[in-house]
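Structural characterization, general
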Amino acid sequence: MLSQSYTFQLKYEIVEGLVTSGRLLDIKASVLICVTSIGKVILYSPQNANPSFLNINREIKALQCNGNILIMASENILIAHDVQNNFDLYFKEIMDGISVIQSGVHGKKGKSLTFIGGNCNIQGFDVDGEEEYWNVASDDVSCLDIFENSYIIIGSNDNTLRVYEYEEILYQISLPSVCISVNGIILNNLVHCAYGLQNGQVGLYRQQIEIWSDKADKNQIFKIIRYEQDYLVVARQNGSIELRNIYKGTILQKIQEDQISGLLIDDIRGIGSKQIIIVTKSGTVKGFVVNKEEEQNKNIQDQIEQLQKQKSELSQQIFAYQQQSQLHIVPPQTQITIGLRLKAQNKFLEIKLELSEPNTFICQVILFSDALFKEGQTHNIIPSQTVYIPLQIKENIQFQLTARVYATQNQYSNVYQVYEVTTNVPKFAKFIYSPNEFNIQSYVEAKINDRIPRYIKWIDQCFIIDDKHNYLQKYENSLEFKFNCQNIMNGVQLQLYFNQPQGLCQIRCDDIQTCADVIQDLSNFLQLTDLQTRCSFPNEMQNFKDILKIVEQQSQNKVQINAEVAESINVVKSLIVKAEDSRLINDIGNMKKLYSNIMVQNKAIQSELIKKNQNTDILITNLKSVNSMISKGSELRVGQSKTQITNLCRNAIKKKNFVSLIDIIQEGHEI
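Residues numbered from 1 in each chain as written. Predicted model: local features only at pLDDT ≥ 70, side-chain atom pairs only at ≥ 80, totals over all residues. Heavy atoms only, no water.

1. What to know about helix α5 (residues 538-584)
- Helix length check: α5, at 47 residues, gives a terminal C-alpha distance of 69 Å against a target of 69 Å (1.5 Å per residue), a fit within 8%.
- In the stretch just after α5, Asn586 is the one whose phi turns positive, near 65°. (Helix = DSSP H or I, 4+ residues; strand = E, 2+ residues; numbered from the N terminus. Expected span 1.5 Å × (residues − 1).)

Shown next as structure tokens:
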């Protein structure tokens, strides 16, 4: 159990999230680093009587230590500061913005890198400020973690968690909410991801398999962190601290603190063992360790309480069954079935629920799905033996849907039999089969040597087709196969064409994201480790070309504005010197004239800075669109070919060769 080992007061209000620690000074203990509400950086070590301060003339958004270097980030500036020698190692402008930073050893060379997550991308810099890593994300990065020298986990604002090994993506996990904090762990030689979400849910994945999750507490996660081998420490925005068993997720202890600004695992006392360190907003610092003897006693007590709880639940169930047999709510042989059907005219997917026995009624349904709802979605319906419930799906995702059905034999009764049924909704459930021919200009094609029955089996799993078996079985022995379908929600047409003798797989669709989803899902089904493709998206690329022109123009504007501001500042400096000379010789008239000119120049500088901020906002927005398109382009490939696209695009951006991005995305290489 958690046992407090020390506490002290910093006497300053600490900004939430701006707390870290590291071996910055030449002492045995780590130094606690915090940012105060007045913008100062505190460097505190209990071995020193008084803390030291750093004055940074910028609003700090993120804080991290990389070895003995302090890394600080503003909205788009990255600063590396050598605290021991008190000088800046590098000062870099990051045009894609900075949302999170994390440091760690990464890469085959074992370099210590600082990773930053920004607008749809991740960058890694070494201690000299040289870029060593670059990759794209599906949306703005909300959290990241580096572990075991080769793995990176990224959470993004589109509720997605991605696991990379070096530049190659290993797993992608869809979550019900934005991931706020993530920890990568290797257990039994397998990658595990412990996560905490904005909606309060915490859990653990082994690769893409969910081991456990807990969404009982709705308070937003502040941070999660692993302690020793067996524990997960969870901090919430309301000041709640939970000590959990990392393998099962069970809460071993829960304590309440003030609003939390920082949660760390480190040794700031220099005793040779790390503690759980909590820093509150008011500046209170507390250190905790786990008392294993108390934990064993608590585990025994918890097991007894759990058995008593199970006994009580079983007793209640026996009583309920006895009552049910007397009330005859529904016939005991009644079964419930669940199915899916597409309703094209109403533009939604329907859930069909049906009771097997006549004169039975479904009165209420609650739907549960982490992918669609934060809570269960309740549907009060006209009592009927068969009901249809509309379901809106925004993205191409495969998920599990559970329906809790309240049934009765008397539609006016207030006593119900409760059923729970579950179904899997396929990834492309929004697409309905169409017998019509499509004329689609955009396409992506690849060489895949596989049989038509394998493609048909994949379509059978991923799409919903009325009377599907009669349609698909006709092509079991064919050498080519074409499948047309349409998104019932936005009308996007999709055509899949497979030619077995030529080894050709062609996907036609005007939406590049849909094509990327098809490529990734098909490759996963066929267990392809590498796939090169070529594509053509005239409309998408025309829009992309317009964005690239804006980026190029705004980049030129930025250089011009910076030059004008620098020139105006030099003029102001010169005028100030002249005005001061006039004051010393008592030439008051000329001094007033010079200071009047200084005011004019100052207003001009302010105007230029406003233009610079507006230009920067436009540039960042369009750079985000560029990174998003690179991400979609890379998703059209698999394995090494996917990594190659990302690297080629990054090199083109570095060289400011924006035009070549279109060729790289469509052809897979520079032309």
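Structure's up, so let's keep going.
2. Let's talk about the sheet that holds strand β24 (residues 240-245)
- The antiparallel open sheet is built from four strands, whose spatial order is β22-β23-β24-β25. Pairing within the sheet leaves two strands with one partner each, and these edge strands are β22 (221-227) and β25 (251-256). Averaged over all adjacent pairs, the angle separating strand axes in this sheet is 15°, with direction ignored. (Pairing = 2+ DSSP bridges. Axes fitted to C-alpha atoms, helices over the stretch in contact; angles between N-to-C directions.)

3. Quick notes on the packing of aromatic side chains
- The tally for this structure, following the rule as stated, stands at 18 aromatic pairs.
- With 5.2 Å between their ring centres and 15° between their planes, Phe428 and Phe463 make a pair best called stacked. Linking Phe428 in the loop between β35 (417-425) and β36 (431-433) with Phe463 in the loop between α2 (452-462) and α3 (468-473), this pair joins segments that are 35 residues apart in sequence.
- Assessed through its relative accessible area of 0%, Phe428 is described here as buried.
- Look at Phe463 and you get buried, because its relative accessible area is 1%.
- Ring centres 6.4 Å apart and planes at 15° place the aromatic pair Phe481 and Phe498 in the stacked group. (Phe/Tyr/Trp six-rings, centres within 6.5 Å; stacked < 30°, edge-to-face > 60°. Buried < 20%, exposed > 50% of the residue type's maximum accessible area, 1.4 Å probe, protein only.)

4. Focus on the nonpolar core
- Counting 59 residues, the largest nonpolar core has Trp458, Ile459, Phe463, Leu496 and Phe498 as the members making the most contacts within it.
- Looking at this core, the element that brings in the most residues is helix α4 (residues 512-526), giving eight residues.
- Discounting chain neighbours no more than four positions away, the residues touching Ile459 are Ile465, Leu472, Phe481, Phe483, Leu496 and Phe498. (Core = buried A, V, L, I, M, F, W, Y, C linked by side-chain atoms within 4.5 Å. Contact = heavy atoms within 4.5 Å.)

5. Quick look at the pairing of strand β7 (residues 69-73)
- Among the five residues that make up β7, five are buried, leaving the element largely enclosed by the rest of the structure.
- Every second residue of β7 is oriented toward a common face, with Ile69, Ile71 and Ala73 on one face and Leu70 and Met72 on the other, all of them buried.
- Pairing geometry for strand β6 (residues 62-66) and β7, over five bridges, is antiparallel. For Ala62, the partnering residue across the bridge sits in β7 and is Ala73.
- Hairpin geometry of β6 and β7 is characterised by an intervening segment of two residues between the two adjacent antiparallel strands and by a positive phi of about 65° at Gly67.

6. As for the side chain of Gln253
- The residue Gln253 is located in strand β25 in this model.
- Polar contacts involving the side chain of Gln253 include one to the main-chain amide nitrogen of Leu2, which spans 2.5 Å.
- The residues contacting Gln253, other than those within four sequence positions of it, are Met1, Leu2, Ile241, Glu242 and Leu243. (Polar contact = N/O pair within 3.5 Å; in protein donor to acceptor, adjacent residues only side chain to side chain.)

7. Description of the packing of α5 against helix α8 (residues 660-667)
- Running from N to C, α5 and α8 cross one another at 150°; their axes reach a closest spacing of 10 Å. In terms of their interaxial angle, α5 and α8 are classed as roughly antiparallel. As for how α5 packs across α8, the hand of that crossing is right-handed. Between α5 and α8, the contacting residues are Met541, Phe544, Lys545 and Leu548 on the first element and Leu661, Ile662, Ile665 and Gln666 on the second. (Parallel < 35°, antiparallel > 145°, perpendicular 65-115°, else oblique. Left-handed = near helix turned anticlockwise from the far one by under 90°.)

8. Observations concerning the pattern of salt bridges
- Applying the stated criterion across every chain yields a total of 25 salt bridges.
- Among the ionic pairs, Lys352 bridges to Glu354, the shortest N-O distance being 3.9 Å.
- For Glu354, a relative accessible area of 28% gives the class partly exposed.
- Of the charged contacts in the structure, one is a salt bridge between Arg534 and Glu445, with a shortest N-O distance of 3.2 Å. Note that Arg534 is positioned in strand β41 (residues 533-536) and Glu445 in strand β37 (residues 443-447), a separation of 89 residues in sequence.
- With relative accessibility at 32%, the residue Arg534 sits in the partly exposed group. (Salt bridge = Lys/Arg side-chain N within 4 Å of Asp/Glu carboxyl O.)

9. A look at the environment of Ile277
- Along the chain, Ile277 turns up in strand β27 (residues 275-280).
- Residue class for Ile277 comes out buried when judged on its relative accessible area of 0%.
- Note: C-alpha distance between Ile277 and Lys11 (266 residues apart in sequence) is 17 Å.
- Ignoring anything within four residues of it in the chain, the contact list for Ile277 reads Tyr6, Gly262, Leu263, Leu264, Asp266, Ile268, Val285 and Lys286.

10. Some words on the environment of Ala429
- Inspection of the secondary structure assignment puts Ala429 in the loop between β35 and β36.
- The class of Ala429 is buried, set by a relative accessible area of 2%.
- Taking the C-alpha atoms as reference points, Ala429 and Lys394, separated by 35 residues in sequence, lie 11 Å from one another.
- Aside from chain neighbours lying at most four places away, what touches Ala429 is Leu342, Leu349, Ile393, Cys462 and Ile464.

11. Here's the deal with a nonpolar patch on the surface
- Taken together, Tyr12, Ile38 and Phe53 make up a surface patch of nonpolar side chains, about 290 Å² in accessible area.
- Relative accessible area serves as the criterion here: at 60%, Ile38 is assigned to the exposed category. (Patch = residues over 30% accessible without salt bridge, like charges linked within 9 Å, V, L, I, M, F, W, Y side chains within 5 Å. Areas by Shrake-Rupley, 256 points an atom, 1.4 Å probe, with all protein chains shown as cover.)

12. As for the packing of α5 against helix α6 (residues 588-635)
- At a closest axis distance of 7 Å, the pairing of α5 and α6 adopts a crossing angle of 160°. It follows that α5 is roughly antiparallel to α6 by the angle criterion. Handedness of the crossing formed by α5 with α6: left-handed.
- Of the residues contributing to the contact of α5 with α6, the split by class is 25 nonpolar, 12 polar and nine charged. (Nonpolar A, V, L, I, M, F, W, Y, C, P; charged D, E, K, R; others polar.)

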